[in-house]
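# Fold and contact review
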Amino acid sequence: MRAGDVVGASGIELSVIVPTFNERDNVRAITQAIEETLSGIRFEIVFVDDDSTDGTRDILAELAMRKGHVRVLHRIGRRGLSTAVTEGMLSTVSPYIAVIDADLQHDERVLPEMLALLRKEEADVVIGSRYVDGGSTGEWEKSRVRVSSTATRLAKLIASTEISDPMSGFFAITRPALYSAVRDLSGQGYKVLLDLIASAPRPLRIKEVPYTFRSRTAGESKLDAMIVWEYLLLLVDKLVGHVVPARFLSFMFIGGLGVFVHMAVLGVMVALGHPRFLWAQAVATGVAMVFNFFVNNTLTYRDRRLKGLIPVARGLLTFMLVCSVGAIANVGIAGYLYKSFEYVWWAAALAGILMGVVWNYAATSVFTWRTR
Ligand code: GDD
Ligand code: MN
(Lines give C-alpha, C1' and ligand atoms only; values in the text may rest on other atoms or scores of the structure.)
(Ligands and ions follow the chains in the order given, each with its own letter.)
Protein backbone atom coordinates (compact mmCIF):
# COMPACT_ATOMS: atom_id res chain seq x y z
CA MET A 1 0.00 0.00 0.00
CA ARG A 2 1.26 3.46 -0.82
CA ALA A 3 0.40 6.21 1.60
CA GLY A 4 -0.89 8.46 -1.16
CA ASP A 5 -3.42 5.86 -2.30
CA VAL A 6 -5.54 6.02 0.79
CA VAL A 7 -7.05 9.51 0.88
CA GLY A 8 -10.56 8.62 1.97
CA ALA A 9 -13.96 10.24 1.88
CA SER A 10 -13.06 12.42 4.83
CA GLY A 11 -10.72 14.11 2.40
CA ILE A 12 -8.18 14.77 5.11
CA GLU A 13 -4.67 14.36 3.84
CA LEU A 14 -2.65 15.45 6.86
CA SER A 15 -3.45 14.98 10.54
CA VAL A 16 -1.47 17.18 12.88
CA ILE A 17 -1.12 15.76 16.39
CA VAL A 18 -0.55 18.31 19.14
CA PRO A 19 0.10 16.95 22.66
CA THR A 20 -0.85 19.33 25.44
CA PHE A 21 -0.37 19.50 29.14
CA ASN A 22 -1.16 22.88 30.68
CA GLU A 23 -0.81 24.96 27.53
CA ARG A 24 -3.74 27.32 28.12
CA ASP A 25 -2.01 30.33 26.61
CA ASN A 26 -0.63 28.51 23.56
CA VAL A 27 -3.38 26.39 22.05
CA ARG A 28 -5.21 29.21 20.26
CA ALA A 29 -1.97 30.53 18.79
CA ILE A 30 -0.70 27.14 17.59
CA THR A 31 -4.09 26.43 15.99
CA GLN A 32 -3.95 29.69 14.11
CA ALA A 33 -0.32 29.20 13.11
CA ILE A 34 -1.05 25.74 11.71
CA GLU A 35 -4.12 27.00 9.87
CA GLU A 36 -2.10 29.72 8.21
CA THR A 37 0.74 27.54 7.08
CA LEU A 38 -1.51 24.71 5.87
CA SER A 39 -4.05 26.80 4.00
CA GLY A 40 -4.84 24.98 0.78
CA ILE A 41 -4.10 21.57 2.33
CA ARG A 42 -6.84 19.32 3.67
CA PHE A 43 -5.79 18.85 7.26
CA GLU A 44 -7.09 18.31 10.78
CA ILE A 45 -5.61 19.10 14.17
CA VAL A 46 -5.89 16.55 16.96
CA PHE A 47 -5.05 17.84 20.43
CA VAL A 48 -4.22 15.13 22.94
CA ASP A 49 -4.64 16.54 26.42
CA ASP A 50 -3.62 14.65 29.56
CA ASP A 51 -6.22 16.23 31.81
CA SER A 52 -4.56 19.64 32.07
CA THR A 53 -5.31 21.49 35.30
CA ASP A 54 -5.08 25.02 33.92
CA GLY A 55 -8.23 25.14 31.82
CA THR A 56 -6.55 24.10 28.56
CA ARG A 57 -9.36 21.66 27.92
CA ASP A 58 -12.06 24.32 27.97
CA ILE A 59 -10.24 26.31 25.33
CA LEU A 60 -9.71 23.16 23.26
CA ALA A 61 -13.41 22.34 23.54
CA GLU A 62 -14.31 25.82 22.38
CA LEU A 63 -11.88 25.56 19.43
CA ALA A 64 -13.27 22.17 18.44
CA MET A 65 -16.85 23.46 18.69
CA ARG A 66 -16.07 26.32 16.35
CA LYS A 67 -13.79 24.54 13.91
CA GLY A 68 -14.60 21.37 12.03
CA HIS A 69 -10.94 20.56 11.57
CA VAL A 70 -10.06 20.57 15.27
CA ARG A 71 -10.55 17.52 17.50
CA VAL A 72 -9.70 16.78 21.11
CA LEU A 73 -8.62 13.52 22.72
CA HIS A 74 -8.85 13.80 26.50
CA ARG A 75 -6.92 11.25 28.55
CA ILE A 76 -7.48 10.74 32.26
CA GLY A 77 -5.28 9.05 34.86
CA ARG A 78 -2.26 8.79 32.60
CA ARG A 79 0.64 11.00 31.74
CA GLY A 80 3.27 10.71 29.06
CA LEU A 81 4.15 12.47 25.87
CA SER A 82 4.94 9.29 23.92
CA THR A 83 1.71 7.49 24.62
CA ALA A 84 -0.30 10.70 24.13
CA VAL A 85 1.19 11.19 20.67
CA THR A 86 0.72 7.52 19.79
CA GLU A 87 -2.93 7.52 20.78
CA GLY A 88 -3.47 10.75 18.89
CA MET A 89 -1.94 9.25 15.75
CA LEU A 90 -4.06 6.14 16.11
CA SER A 91 -7.22 8.23 16.31
CA THR A 92 -6.70 9.39 12.72
CA VAL A 93 -7.12 7.79 9.29
CA SER A 94 -5.37 10.21 6.94
CA PRO A 95 -2.39 9.04 4.85
CA TYR A 96 0.07 11.45 6.49
CA ILE A 97 0.51 12.38 10.13
CA ALA A 98 2.58 15.14 11.69
CA VAL A 99 3.46 15.76 15.33
CA ILE A 100 4.22 19.20 16.72
CA ASP A 101 4.44 20.73 20.20
CA ALA A 102 1.73 23.12 21.34
CA ASP A 103 4.13 25.69 22.75
CA LEU A 104 5.21 27.22 19.41
CA GLN A 105 8.82 26.10 19.90
CA HIS A 106 8.69 23.98 16.76
CA ASP A 107 8.45 25.99 13.55
CA GLU A 108 5.13 25.01 11.97
CA ARG A 109 6.14 26.76 8.72
CA VAL A 110 8.16 23.70 7.65
CA LEU A 111 5.06 21.46 7.75
CA PRO A 112 4.27 21.95 4.01
CA GLU A 113 7.82 20.98 3.10
CA MET A 114 7.58 17.86 5.27
CA LEU A 115 4.30 16.90 3.61
CA ALA A 116 5.75 17.49 0.14
CA LEU A 117 8.63 15.10 0.82
CA LEU A 118 6.24 12.39 2.02
CA ARG A 119 3.98 12.90 -0.96
CA LYS A 120 6.89 12.49 -3.34
CA GLU A 121 7.59 9.19 -1.57
CA GLU A 122 11.12 10.27 -0.94
CA ALA A 123 10.82 9.37 2.70
CA ASP A 124 8.69 7.49 5.23
CA VAL A 125 9.53 9.96 7.95
CA VAL A 126 10.54 13.61 7.75
CA ILE A 127 12.15 15.06 10.84
CA GLY A 128 12.29 18.69 11.82
CA SER A 129 15.91 18.94 12.82
CA ARG A 130 17.76 21.47 14.92
CA TYR A 131 21.08 20.04 13.86
CA VAL A 132 21.21 20.01 10.06
CA ASP A 133 22.44 23.05 8.17
CA GLY A 134 20.00 25.86 8.61
CA GLY A 135 18.61 24.42 11.86
CA SER A 136 19.47 25.55 15.35
CA THR A 137 18.67 24.98 18.98
CA GLY A 138 18.01 28.70 19.31
CA GLU A 139 18.65 30.12 22.73
CA TRP A 140 19.34 26.96 24.66
CA GLU A 141 21.51 26.98 27.75
CA LYS A 142 24.87 25.24 27.39
CA SER A 143 23.93 22.49 29.85
CA ARG A 144 20.85 21.54 27.87
CA VAL A 145 22.79 21.49 24.60
CA ARG A 146 25.26 19.10 26.21
CA VAL A 147 22.60 16.76 27.57
CA SER A 148 20.85 16.77 24.23
CA SER A 149 23.98 15.91 22.25
CA THR A 150 24.95 13.09 24.63
CA ALA A 151 21.45 11.68 24.33
CA THR A 152 21.68 11.94 20.56
CA ARG A 153 24.89 9.94 20.56
CA LEU A 154 23.35 7.28 22.83
CA ALA A 155 20.45 6.98 20.41
CA LYS A 156 22.78 5.24 17.97
CA LEU A 157 22.59 2.22 20.29
CA ILE A 158 19.04 1.53 19.22
CA ALA A 159 18.60 3.32 15.90
CA SER A 160 21.34 2.64 13.41
CA THR A 161 20.35 5.28 10.90
CA GLU A 162 22.38 8.42 10.43
CA ILE A 163 20.04 11.06 11.70
CA SER A 164 21.17 14.32 13.18
CA ASP A 165 18.20 14.87 15.48
CA PRO A 166 16.61 11.58 16.57
CA MET A 167 15.37 13.29 19.76
CA SER A 168 13.13 15.63 17.85
CA GLY A 169 9.51 15.90 18.88
CA PHE A 170 8.68 17.45 15.51
CA PHE A 171 8.16 15.11 12.57
CA ALA A 172 5.82 13.75 9.92
CA ILE A 173 5.28 10.11 9.00
CA THR A 174 3.28 8.05 6.52
CA ARG A 175 0.54 5.81 7.83
CA PRO A 176 2.12 2.56 6.58
CA ALA A 177 5.38 3.48 8.34
CA LEU A 178 3.46 4.23 11.53
CA TYR A 179 1.63 0.91 11.41
CA SER A 180 4.83 -1.01 10.76
CA ALA A 181 6.21 0.10 14.13
CA VAL A 182 3.28 0.99 16.33
CA ARG A 183 2.71 -2.40 17.91
CA ASP A 184 6.28 -2.63 19.10
CA LEU A 185 6.58 0.83 20.59
CA SER A 186 8.01 1.00 24.03
CA GLY A 187 5.95 4.05 24.98
CA GLN A 188 8.56 5.13 27.51
CA GLY A 189 8.83 8.81 28.20
CA TYR A 190 9.26 11.65 25.77
CA LYS A 191 10.92 10.35 22.64
CA VAL A 192 8.23 8.89 20.44
CA LEU A 193 10.10 9.54 17.19
CA LEU A 194 13.17 7.62 18.32
CA ASP A 195 10.86 4.89 19.61
CA LEU A 196 9.20 4.65 16.17
CA ILE A 197 12.51 4.52 14.33
CA ALA A 198 13.92 1.90 16.68
CA SER A 199 10.76 -0.21 16.54
CA ALA A 200 10.23 -0.37 12.78
CA PRO A 201 11.03 -3.84 11.47
CA ARG A 202 12.45 -2.49 8.22
CA PRO A 203 14.62 0.63 8.33
CA LEU A 204 12.51 3.71 7.62
CA ARG A 205 13.63 6.12 4.92
CA ILE A 206 14.31 9.34 6.72
CA LYS A 207 14.75 12.91 5.58
CA GLU A 208 15.45 15.92 7.72
CA VAL A 209 14.43 19.53 7.28
CA PRO A 210 16.04 22.29 9.30
CA TYR A 211 14.26 24.66 11.65
CA THR A 212 15.21 26.88 14.54
CA PHE A 213 13.93 25.88 17.95
CA ARG A 214 12.11 28.91 19.37
CA SER A 215 11.95 29.94 22.99
CA ARG A 216 8.81 29.35 24.93
CA THR A 217 6.82 32.49 25.55
CA ALA A 218 3.89 31.12 27.57
CA GLY A 219 3.55 28.25 30.01
CA GLU A 220 6.47 26.14 31.15
CA SER A 221 8.42 23.10 30.01
CA LYS A 222 7.30 19.75 31.40
CA LEU A 223 10.75 18.38 30.87
CA ASP A 224 12.42 17.70 34.19
CA ALA A 225 15.19 15.52 35.62
CA MET A 226 12.84 12.59 35.14
CA ILE A 227 13.29 12.57 31.41
CA VAL A 228 16.89 11.43 31.72
CA TRP A 229 15.64 8.38 33.58
CA GLU A 230 12.81 7.87 31.07
CA TYR A 231 15.28 8.06 28.24
CA LEU A 232 17.50 5.41 29.83
CA LEU A 233 14.42 3.21 30.21
CA LEU A 234 13.63 3.66 26.52
CA LEU A 235 17.18 2.62 25.59
CA VAL A 236 17.09 -0.37 27.94
CA ASP A 237 13.66 -1.37 26.72
CA LYS A 238 14.72 -1.28 23.08
CA LEU A 239 17.94 -3.17 23.85
CA VAL A 240 16.61 -5.95 26.10
CA GLY A 241 12.87 -5.26 26.40
CA HIS A 242 11.94 -8.25 24.27
CA VAL A 243 13.45 -10.43 27.01
CA VAL A 244 12.62 -8.53 30.22
CA PRO A 245 10.28 -5.54 30.47
CA ALA A 246 12.02 -2.25 31.29
CA ARG A 247 9.59 -1.61 34.12
CA PHE A 248 10.62 -4.85 35.79
CA LEU A 249 14.30 -3.97 35.41
CA SER A 250 13.61 -0.60 37.00
CA PHE A 251 11.82 -2.33 39.89
CA MET A 252 14.72 -4.75 40.34
CA PHE A 253 17.31 -2.00 40.19
CA ILE A 254 15.51 -0.01 42.88
CA GLY A 255 15.17 -3.19 44.93
CA GLY A 256 18.95 -3.44 44.73
CA LEU A 257 19.28 0.08 46.09
CA GLY A 258 16.92 -0.97 48.88
CA VAL A 259 19.45 -3.58 49.97
CA PHE A 260 22.00 -0.81 50.55
CA VAL A 261 19.48 1.21 52.54
CA HIS A 262 18.70 -1.87 54.60
CA MET A 263 22.37 -2.52 55.32
CA ALA A 264 23.06 1.10 56.21
CA VAL A 265 20.18 1.26 58.71
CA LEU A 266 21.09 -2.09 60.18
CA GLY A 267 24.76 -1.14 60.38
CA VAL A 268 24.00 2.08 62.22
CA MET A 269 21.71 0.35 64.71
CA VAL A 270 24.25 -2.39 65.41
CA ALA A 271 27.07 0.15 65.71
CA LEU A 272 24.98 2.14 68.18
CA GLY A 273 24.82 -1.05 70.21
CA HIS A 274 21.17 -1.94 69.66
CA PRO A 275 20.56 -4.88 71.96
CA ARG A 276 18.21 -6.98 69.84
CA PHE A 277 19.37 -7.97 66.38
CA LEU A 278 15.94 -9.14 65.23
CA TRP A 279 14.38 -5.83 66.20
CA ALA A 280 17.07 -3.88 64.33
CA GLN A 281 16.56 -6.15 61.34
CA ALA A 282 12.83 -5.44 61.37
CA VAL A 283 13.39 -1.68 61.51
CA ALA A 284 15.89 -1.88 58.63
CA THR A 285 13.41 -3.90 56.58
CA GLY A 286 10.67 -1.36 57.24
CA VAL A 287 12.85 1.59 56.26
CA ALA A 288 14.01 -0.18 53.09
CA MET A 289 10.39 -0.92 52.12
CA VAL A 290 9.32 2.69 52.62
CA PHE A 291 12.33 3.82 50.57
CA ASN A 292 11.50 1.34 47.81
CA PHE A 293 7.88 2.38 47.73
CA PHE A 294 8.62 6.05 47.25
CA VAL A 295 11.38 5.56 44.69
CA ASN A 296 9.25 3.15 42.67
CA ASN A 297 6.34 5.55 42.90
CA THR A 298 8.58 8.25 41.43
CA LEU A 299 10.53 6.28 38.83
CA THR A 300 9.04 2.89 37.96
CA TYR A 301 5.43 4.07 38.02
CA ARG A 302 5.92 7.73 37.15
CA ASP A 303 3.06 7.47 34.64
CA ARG A 304 0.64 6.21 37.31
CA ARG A 305 2.18 7.95 40.28
CA LEU A 306 0.07 7.86 43.44
CA LYS A 307 -0.58 11.36 44.76
CA GLY A 308 -2.39 12.73 47.80
CA LEU A 309 -2.35 11.50 51.38
CA ILE A 310 -4.94 8.71 51.14
CA PRO A 311 -3.77 7.12 47.85
CA VAL A 312 -0.14 7.25 49.00
CA ALA A 313 -0.98 5.76 52.42
CA ARG A 314 -3.03 3.01 50.77
CA GLY A 315 -0.24 2.37 48.29
CA LEU A 316 2.42 2.21 50.98
CA LEU A 317 0.33 -0.19 53.03
CA THR A 318 -0.37 -2.60 50.16
CA PHE A 319 3.26 -2.34 49.07
CA MET A 320 4.52 -3.31 52.53
CA LEU A 321 2.03 -6.15 52.82
CA VAL A 322 2.94 -7.54 49.41
CA CYS A 323 6.66 -7.26 50.11
CA SER A 324 6.27 -8.99 53.46
CA VAL A 325 4.71 -11.95 51.69
CA GLY A 326 7.56 -11.71 49.16
CA ALA A 327 10.13 -11.86 51.95
CA ILE A 328 8.51 -14.96 53.45
CA ALA A 329 8.41 -16.60 50.00
CA ASN A 330 12.04 -15.67 49.44
CA VAL A 331 13.24 -17.28 52.68
CA GLY A 332 10.95 -20.27 52.26
CA ILE A 333 11.98 -21.07 48.70
CA ALA A 334 15.68 -20.59 49.37
CA GLY A 335 15.46 -22.86 52.42
CA TYR A 336 13.51 -25.49 50.51
CA LEU A 337 15.95 -25.57 47.58
CA TYR A 338 18.91 -25.64 49.94
CA LYS A 339 17.58 -28.50 52.05
CA SER A 340 15.61 -30.65 49.62
CA PHE A 341 17.67 -30.23 46.46
CA GLU A 342 21.06 -29.48 47.97
CA TYR A 343 21.54 -26.26 46.05
CA VAL A 344 24.72 -24.38 46.94
CA TRP A 345 23.86 -21.64 49.40
CA TRP A 346 24.21 -18.75 46.96
CA ALA A 347 22.17 -20.39 44.21
CA ALA A 348 19.42 -21.13 46.69
CA ALA A 349 19.54 -17.56 47.97
CA LEU A 350 19.44 -16.12 44.42
CA ALA A 351 16.48 -18.29 43.47
CA GLY A 352 14.68 -17.11 46.61
CA ILE A 353 15.44 -13.47 45.85
CA LEU A 354 14.31 -13.82 42.26
CA MET A 355 11.02 -15.41 43.30
CA GLY A 356 10.52 -12.65 45.86
CA VAL A 357 11.18 -9.91 43.32
CA VAL A 358 8.88 -11.43 40.71
CA TRP A 359 6.12 -11.77 43.29
CA ASN A 360 6.63 -8.23 44.60
CA TYR A 361 6.61 -6.82 41.09
CA ALA A 362 3.56 -8.72 39.90
CA ALA A 363 1.52 -8.23 43.06
CA THR A 364 2.30 -4.53 43.53
CA SER A 365 1.42 -3.86 39.90
CA VAL A 366 -2.01 -5.27 40.73
CA PHE A 367 -2.59 -4.00 44.27
CA THR A 368 -0.46 -0.87 44.58
CA TRP A 369 -0.16 0.71 41.15
CA ARG A 370 -3.23 -0.71 39.49
CA THR A 371 -4.45 0.98 36.33
CA ARG A 372 -7.71 2.79 36.52
N1 GDD B 1 -0.56 15.02 26.43
C2 GDD B 1 0.61 15.32 27.00
N3 GDD B 1 1.04 14.55 28.08
N4 GDD B 1 1.37 16.32 26.51
C5 GDD B 1 2.53 16.58 27.13
C6 GDD B 1 3.03 15.86 28.23
C7 GDD B 1 2.21 14.78 28.73
O8 GDD B 1 2.54 14.10 29.70
N9 GDD B 1 4.24 16.38 28.59
C10 GDD B 1 4.48 17.39 27.73
N11 GDD B 1 3.45 17.52 26.85
C12 GDD B 1 3.32 18.48 25.74
C13 GDD B 1 3.51 19.92 26.11
O14 GDD B 1 2.31 20.55 26.48
C15 GDD B 1 4.08 20.49 24.82
O16 GDD B 1 3.07 20.81 23.90
C17 GDD B 1 4.89 19.33 24.26
O18 GDD B 1 4.35 18.16 24.82
C19 GDD B 1 6.39 19.43 24.59
O20 GDD B 1 6.57 19.57 25.97
P21 GDD B 1 7.69 20.55 26.55
O22 GDD B 1 7.69 20.39 28.03
O23 GDD B 1 7.53 21.93 26.00
O24 GDD B 1 9.02 19.86 25.96
P25 GDD B 1 10.37 20.54 25.48
O26 GDD B 1 10.13 21.82 24.74
O27 GDD B 1 11.29 20.60 26.62
O28 GDD B 1 10.92 19.45 24.42
C29 GDD B 1 10.27 19.28 23.17
O30 GDD B 1 11.09 19.55 22.06
C31 GDD B 1 12.22 18.71 21.94
C32 GDD B 1 12.95 19.07 20.67
O33 GDD B 1 12.15 18.78 19.54
C34 GDD B 1 9.77 17.84 23.08
O35 GDD B 1 9.02 17.72 21.89
C36 GDD B 1 10.94 16.89 23.05
O37 GDD B 1 10.46 15.55 22.86
C38 GDD B 1 11.87 17.26 21.91
O39 GDD B 1 13.05 16.49 22.01
MN1 MN C 1 8.57 23.01 24.65
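Residues numbered from 1 in each chain as written. Chains lettered and ligands numbered in written order. Predicted model: local features only at pLDDT ≥ 70, side-chain atom pairs only at ≥ 80, totals over all residues. Heavy atoms only, no water.

### Observations regarding the overall build of the protein chain
On a plain count of helices and strands, the protein chain comes out with 12 helices and 7 strands. For the C-alpha atoms alone, the extent of the protein chain along its principal axes is close to 80 × 45 × 40 Å. Long-range contacts, defined here as pairs at least 24 residues apart, represent 77% of the contacts in the protein chain between residues at least 6 apart. Here the protein chain contributes 40 positively and 36 negatively charged side chains, and the mean placements of these two sets differ by 5 Å. (Helix = DSSP H or I, 4+ residues; strand = E, 2+ residues; numbered from the N terminus. Contact = heavy atoms within 4.5 Å. Lys, Arg positive; Asp, Glu negative; His and termini not counted. Charge placed at Lys NZ, Arg CZ, Asp CG, Glu CD.)

### Quick word on unusual backbone geometry
Of note in the backbone geometry, Asp51 takes a positive phi value of approximately 60 degrees without being a glycine. On the secondary structure map, Asp51 appears in the loop between strand E2 (43–49) and helix H2 (56–66). What makes Asp51 partly exposed here is its relative accessible area of 33%. Here Leu104, not a glycine, exhibits a phi torsion of approximately 70 degrees, which is positive. Mapping Leu104 onto the fold places it in the loop between strand E4 (96–99) and helix H4 (111–119). (Buried < 20%, exposed > 50% of the residue type's maximum accessible area, 1.4 Å probe, protein only.)

### Side note on the site of ligand 1
Around ligand 1 lies a shell of 28 residues, among which Glu23, Arg79, Asp103, Met167 and Lys222 are the nearest. The separation between an oxygen atom of ligand 1 and a polar side-chain atom of Asp101 is 2.9 Å. Tyr190 is positioned such that a nitrogen or oxygen atom in its side chain is 3.3 Å from an oxygen atom of ligand 1. With the chains in place, 99% of the 730 Å² that ligand 1 exposes on its own is no longer accessible. Counting residues per element, the ones that place at least two in the shell around ligand 1 are strand E1 (14–20) and helix H3 (81–90). (Near = heavy atom within 4 Å. Polar contact = N/O pair within 3.5 Å; in protein donor to acceptor, adjacent residues only side chain to side chain. Areas by Shrake-Rupley, 256 points an atom, 1.4 Å probe, with all protein chains shown as cover.)

### Overview of the sheet that holds strand E3 (residues 70–74)
Across the sheet, which stays open at both edges, the 7 strands sit in the order E3-E2-E1-E4-E6-E5-E7 with mixed pairing between neighbours. Because the sheet does not close on itself, it has two edges, and the strands there are E3 and strand E7 (206–210). Strand-to-strand twist across the sheet, computed as the mean angle between neighbouring axes with direction ignored, equals 20 degrees. Both strand E5 (residues 125–129) and E7 contribute to a ladder of 5 bridges, which runs parallel. By the bridge assignment for E7, Ser129 is matched with Pro210. Along the sheet face, H3 touches E1, E2, E3, E4 and strand E6 (171–174) and points at about 150 degrees away from the line of E1. Taken strand by strand, helix H7 (residues 192–199) contacts E5, E6 and E7, and its axis lies near 35 degrees from that of E6. (Pairing = 2+ DSSP bridges. Axes fitted to C-alpha atoms, helices over the stretch in contact; angles between N-to-C directions.)

### Concerning the packing of helix H9 (residues 246–271) against helix H10 (residues 277–298)
Two numbers describe how H9 lies on H10: the axes approach to 8 Å, and their chain directions differ by 145 degrees. Between H9 and H10 lies a crossing whose hand is right-handed. Contact residues: Phe251, Ile254, Gly255, Leu257, Gly258, Val261, His262, Val265, Leu266, Met269 and Val270 in H9; Phe277, Ala280, Gln281, Val283, Ala284, Thr285, Val287, Ala288, Phe291, Asn292, Val295 and Asn296 in H10. A per-class count over the contact of H9 with H10 returns 16 nonpolar, 7 polar and no charged. (Left-handed = near helix turned anticlockwise from the far one by under 90°. Nonpolar A, V, L, I, M, F, W, Y, C, P; charged D, E, K, R; others polar.)

### Considerations on the packing of H9 against helix H12 (residues 345–367)
The interhelical angle for the contact between H9 and H12, taken along N-to-C directions, is 120 degrees, at an axis separation of 10 Å. Considering their axes alone, H9 and H12 lie oblique with respect to each other. Relative to H12, H9 is oriented so that their crossing is right-handed. Between H9, through Arg247, Phe248, Phe251 and Met252, and H12, the contact on the second element is made entirely by Val357, Val358, Asn360, Tyr361 and Thr364. (Parallel < 35°, antiparallel > 145°, perpendicular 65-115°, else oblique.)

### Topic: the pairing of E5
Taken across its 5 residues, E5 has 5 buried, putting it largely inside the fold. Side chains of E5 alternate between two faces, with Val125, Ile127 and Ser129 and Val126 and Gly128 buried alike. The pairing of E5 with E6 spans 3 bridges and is antiparallel. Across the sheet, Ile127 pairs through a bridge with Phe171, a residue of E6.

### Considerations on the coordination of the manganese ion (ligand 2)
Those donors, Asp103 (OD) and Gln105 (OE1), are the protein atoms that reach the manganese ion (ligand 2), and they lie 1.9 Å from it. The buried category is assigned to Asp103, whose relative accessible area is 4%. (Donors = N, O, S within 2.8 Å, 3.2 Å for Na, K, Ca; no water.)

### Examining the domain arrangement of the protein chain
Along its sequence, the protein chain is organised into domain 1 (3–226) and domain 2 (246–367). On a C-alpha basis, the centres of domain 1 and domain 2 stand 40 Å from each other. Of the residues lining the interface, 6 residues belong to domain 1; the matching set on domain 2 comes to 6 residues. Contact between domain 1 and domain 2 buries roughly 420 Å² in total, counting both sides, with carbon and sulfur atoms accounting for 52%. If you sort the residues of domain 1 by the area they bury against domain 2, Arg79, Gln188 and Met226 come out on top, with a joint share of 85%. At the junction of domain 1 with domain 2, the criterion picks out 0 salt bridges. Here domain 1 is connected to domain 2 by 0 residue pairs in polar contact (both at pLDDT 80 or more). Of the residues that constitute the side of domain 1 that touches domain 2, the class distribution is 1 nonpolar, 3 polar and 2 charged. (Domains from an automatic or database assignment. Buried area = accessible area lost by both parts, 1.4 Å probe. Salt bridge = Lys/Arg side-chain N within 4 Å of Asp/Glu carboxyl O.)

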